[in-house]
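Take a look at the letters that make up each chain.
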Amino acid sequence: DQQIERPPRRGSQMKKILAVILTFGVHLTTNAAAKDLLVLIDSLCVGSQGKADVVEKMVLAQGGKRLPQSFVDADPVGAKNGGRAFSLKFNSERYFIMITEPGGCGILSQTSNADEVRSGLVKLYELKKIDVDSSGPQVVTTWKINGPAGSERGGFSLNVVKPGFGADGALSLGYIPPGFLK
C-alpha cells in the first residue's frame, strides 16, 4: 500500500508562521492582547504589504469570518476605498480587521493596553513619530517606519478612544502603506 502524503493545509502553515512571530515577540509586552495585536498587524498587514486578497486569505485560513458590507460602509474610509472587514478570534480574543484596496489595514482591539501596544511597536520597528492629534474623541498617534535612505516603508496609526466616549479601552492599530504618509 502506498500512502499519499498531503501537503499541509494553509491554516496550519499560517499557525506555524504566527507561532514563530509570537516566539520572537514574547518579550515585546506583558499584556497578552497587546502582544497578539502586534503579531496580527505584523503578519497580516505589514507582511502582506496591505494586499487585500492576501490578508483575506490569511484571515479566512485562521478561521476568521468576513463581515457584512454594512460593517464596511459604517466606516467612510472603508466604504470609499473598497474595504473588506473580518472578525478573527486569536488566542481567546476577538479582533476586527479592515483592509482597503489602496492597502490600508487596521485591526480593532477591545482589550489591548494602549501603552503596551505603543511600547511593543517601537521595539519591533524603527519609527519616527510624525503626529499626535487629540482634538476629537480619540488620541491618534502616527509614525513613519524608517527605512534605508530614500525608501518608503509605510507607517502606523494608533487610535485610542478617550475615556467617557462609550468605548473605553478600545483601540485600533493601522498599517499605512508606502506613499500614503505626508
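Residue indices begin from 1 for each chain and proceed along its sequence in written order. A pLDDT threshold of at least 70 governs which residues receive local features in this predicted model, and a stricter bar of 80 or more applies before side-chain atom pairs are shown or counted, although totals over entire chains, interfaces and linings include all residues. Values shown for side chains rest on all heavy atoms present in the structure; no hydrogens or waters enter the calculation.

**Q** Could you clarify how one ought to interpret the nonpolar core in this entry?
**A** Note that soluble globular proteins tend to have their nonpolar side chains buried in a common cluster. The criterion is simple. A nonpolar core is a set of buried Ala, Val, Leu, Ile, Met, Phe, Trp, Tyr and Cys residues joined through side-chain atoms within 4.5 Å. With a 1.4 Å probe rolled over the protein chains alone, any residue whose accessible area is under 20% of its type maximum counts as buried; one over 50% counts as exposed, and the rest are partly exposed. In this structure, Ile97, Ile107, Val117, Leu121, Phe156, Leu173 and Tyr175 are the most contacted members of the largest nonpolar core, which totals 35 residues. Ignoring any residue separated from it by four or fewer positions in sequence, one finds Leu173 in contact with Leu37, Leu38, Ile41, Cys105, Gly106, Ile107, Val117, Leu121, Phe156, Ser157 and Leu158. Contact criterion: two residues are considered in contact whenever any of their non-hydrogen atoms come within 4.5 Å of each other.

**Q** What exactly am I supposed to notice about the state of the cysteines here?
**A** Put plainly, two cysteines are in a disulfide when a covalent bond ties their sulfur atoms together. Cysteine sulfur atoms are paired as a disulfide whenever they fall within 2.5 Å. Summed over the entire model, instances satisfying the criterion amount to one disulfide. The residue that forms a disulfide with Cys45 is Cys105, at a sulfur-sulfur distance of 2.0 Å. Between Cys45 and Cys105, the S-S dihedral sits near -50°, and the bridge is therefore left-handed. Here Cys105 lies in strand 4 (residues 105–109) and Cys45 lies in helix 2 (residues 32–46), a separation of 60 residues in the sequence. No difference in accessibility class separates Cys45 from Cys105, as the two residues are buried. Runs of E in the DSSP output that reach at least two residues are strands. Runs of H or I that reach at least four are helices, and both are numbered from the N terminus.

**Q** Is there a simple way to explain the pattern of salt bridges in this structure?
**A** For this document, the term salt bridge refers to a Lys or Arg side-chain nitrogen within 4 Å of an Asp or Glu carboxyl oxygen. A full pass over the atoms with the stated rule returns five salt bridges. The partner of Glu56 in a salt bridge is Arg84, with the nearest N and O atoms 2.5 Å apart. Of this pair, Glu56 sits in helix 3 (residues 52–61) while Arg84 is found in strand 2 (residues 84–90), placing the two residues 28 residues apart along the sequence. As far as burial versus exposure is concerned, Glu56 and Arg84 are alike and both buried. Residue Arg84 is joined to Glu101 by a salt bridge in which the shortest nitrogen-to-oxygen separation is 2.9 Å. Of this pair, Arg84 sits in strand 2 while Glu101 sits in the loop between strand 3 (93–99) and strand 4; the two residues are 17 residues apart in sequence, bridging distant segments of the chain. Under the relative-accessibility criterion, Arg84 is labelled buried at 11%.

**Q** Just to check I follow, could you spell out unusual backbone geometry for this structure?
**A** Comment: phi is negative for the bulk of residues other than glycine, and the bulk of peptide bonds are trans. Within the chain, Asn91 stands out as a residue other than glycine whose phi angle is a positive 50°. Position of Asn91 among the secondary structure elements: in the loop between strand 2 and strand 3. Looking at Asn91, the relative accessible area reads 44%, which means it is partly exposed. Positioned with a positive phi, Ser92 is a non-glycine residue whose angle comes to about 75°. Mapped onto the secondary structure, Ser92 falls in the loop between strand 2 and strand 3. Classification of Ser92 as exposed rests on a relative accessible area of 60%.

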